[in-house]
Amino acid sequence: MNRDYHLSFCKVCTNRKRNLESGIICSLTNKIADFEDNCPSYDFDTLEFQNYKKRFQNEISDKYTTKDIEKLIGVTSFEKPEFSRFSKYNSIEKTQNLVFKYNGFYGTIGIITISLIIVGLILTSNNDVFNLTVKNIILLCFMLVLLSICVLKLVEFSSKKKLKITINPNGIEYQNNNLSWNSIFDFGILQINNDNTDASIILIGTITKGNVKIELTDFNINSEDFYNIIELNTKNVLQHRV
């Protein structure tokens, strides 16, 4: 197992101690952890674990809302939906070795729409768009702005189309982050509620990486199903840490 997995134990173990060279080490061996699946000397530090949970809850309280009336006016809300047995991901077996990819549907639609607007403007200008009248200069500037937006959208799409989220027996892989199931202690959905945006972000509290956001907008999975996947894979770990 890797260092991140080991630290998901060590950071909430009463036998931990800090070392200037190695970071957190075991006070029993004076070495960094080297176990495989479970540490035989692991002694769960309930107080330290509760400190992690408290910091996570404080961030939720400070930055997001759980009140229905604030959700209506567009405040980003933090939600923990009920587990859905009707989801296609309703057992651990069905959540293993999954890969979710960025599909860029809305970005593609945006590029096509802007391109059609530019073509339409050129066609309706009676081929006189390049005569430097005041009207045509304004039209050219407008088309250049649209073209710039189109190029930016293309660059954004090109950079994001390689993004993927992988679910495996050990945890979640996302943008070079490996989140061990053992490290996750709380999670929920950040729902941005306003007329212009329909974005869903999974906020995950972890022992080793801090609070991690996974944006699911334009991925081929919805936030409720992703929530189900995390809940299934962390259930046993969290039950032992209550």
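Since the model is a prediction, treat every value here as computed from it, not as a measurement. (Residues numbered from 1 in each chain as written. Predicted model: local features only at pLDDT ≥ 70, side-chain atom pairs only at ≥ 80, totals over all residues. Heavy atoms only, no water.)

Asker: Even after reading the chapter, I still don't get the packing of aromatic side chains, so can you show me in this structure?
Answerer: The relative placement of two aromatic rings is captured by the distance of their centres and the angle of their planes. Evaluation of the coordinates by the stated rule reveals 13 aromatic pairs. Aromatic side chains F9 and F35 sit 5.2 Å apart centroid to centroid with 85° between the ring planes, which places their arrangement in the edge-to-face category. Of this pair, F9 sits in helix α1 (residues 3-10) while F35 sits in the loop between β2 (23-26) and α2 (46-63), and the two are 26 residues apart along the sequence. Judged by its relative accessible area of 10%, F35 is buried. Aromatic side chains F187 and Y227 sit 5.0 Å apart centroid to centroid with 55° between the ring planes, which places their arrangement in the tilted category. Here F187 is found in strand β8 (residues 184-191), whereas its partner Y227 is found in helix α6 (residues 223-240), with 40 residues between them in sequence. On the basis of relative accessible area, Y227 is assigned to the buried category, the value being 5%. Every member of this aromatic cluster is reached through a ring pair, and the members are Y5, F9, F35, Y42, F44, F49, Y52, F56, F78 and F185. Geometry around Y52 places R55 over its ring, the cationic atom sitting 4.8 Å from the centre. (Phe/Tyr/Trp six-rings, centres within 6.5 Å; stacked < 30°, edge-to-face > 60°. Helix = DSSP H or I, 4+ residues; strand = E, 2+ residues; numbered from the N terminus. Buried < 20%, exposed > 50% of the residue type's maximum accessible area, 1.4 Å probe, protein only. Lys NZ or Arg CZ within 6 Å of the ring centre and 35° of its normal.)

Asker: Which parts of the structure should I look at to understand the pattern of salt bridges?
Answerer: Side-chain pairs of opposite charge can arise whenever the charged atoms involved come near each other. Evaluated as defined, the whole model comprises three salt bridges. Measuring nitrogen to oxygen at the nearest pair gives 2.9 Å for the salt bridge that ties R16 to D45. Highlighted residues: R16 in strand β1 (residues 16-19) and D45 in the loop between β2 and α2, separated in sequence by 29 residues. Put simply, R16, D45 and E48 are held in one network by salt bridges that share partners. (Salt bridge = Lys/Arg side-chain N within 4 Å of Asp/Glu carboxyl O.)

Asker: How should the side chain of D225 be read in this particular structure?
Answerer: Mapped onto the elements of the fold, D225 is located in helix α6. Setting aside chain neighbours within four positions, we find D225 in contact with S87 and Y89. (Contact = heavy atoms within 4.5 Å.)

Asker: I keep staring at the confidence of the model for the protein chain and nothing clicks. Help me out?
Answerer: Detailed reading of the predicted coordinates is not advisable wherever pLDDT is low. Across the protein chain, the average pLDDT comes to 80, with 73% of residues at 70 or higher. By mean pLDDT, the top-scoring element of the protein chain is β2 (94), and the lowest-scoring one is helix α3 (residues 68-72) (51). (pLDDT = per-residue confidence, 0-100.)

Asker: Please clarify how the nonpolar core should be interpreted in this entry.
Answerer: Across soluble globular proteins, you tend to see nonpolar side chains buried next to one another. Counting 24 residues, the largest nonpolar core has I165, I172, I214 and F226 as the members making the most contacts within it. Listed by contribution, the elements that provide at least two residues to this core are β4 (98-101), β5 (164-168), β6 (171-174), β8, β9 (200-206), β10 (210-215) and α6. When residues of this core are assigned to their parent elements, the largest contribution, four residues, is made by α6. Not counting residues up to four positions away in its chain, the partners in contact with F226 are F100, I165, I167, I172, I202, I214, L216 and I221. By size, the runner-up hydrophobic cluster in this structure holds twelve residues, among which are V12, I60, F185 and I201. (Core = buried A, V, L, I, M, F, W, Y, C linked by side-chain atoms within 4.5 Å.)

Asker: Can you help me understand the sheet that holds strand β3 (residues 77-79) in this one?
Answerer: Picture the strands of a sheet paired through backbone hydrogen bonds; they go either parallel or antiparallel. Across the sheet, four strands lie side by side as β3-β8-β9-β10; this open sheet has antiparallel pairing. Edge strands, defined here as strands with exactly one partner in the open sheet, are β3 and β10. Taking each pair of neighbouring strands and ignoring which way they run, the sheet shows an average axis angle of 30°. Across the sheet, α2 is in contact with β3, β8, β9 and β10; its angle to β8 comes to roughly 10°. (Pairing = 2+ DSSP bridges. Axes fitted to C-alpha atoms, helices over the stretch in contact; angles between N-to-C directions.)

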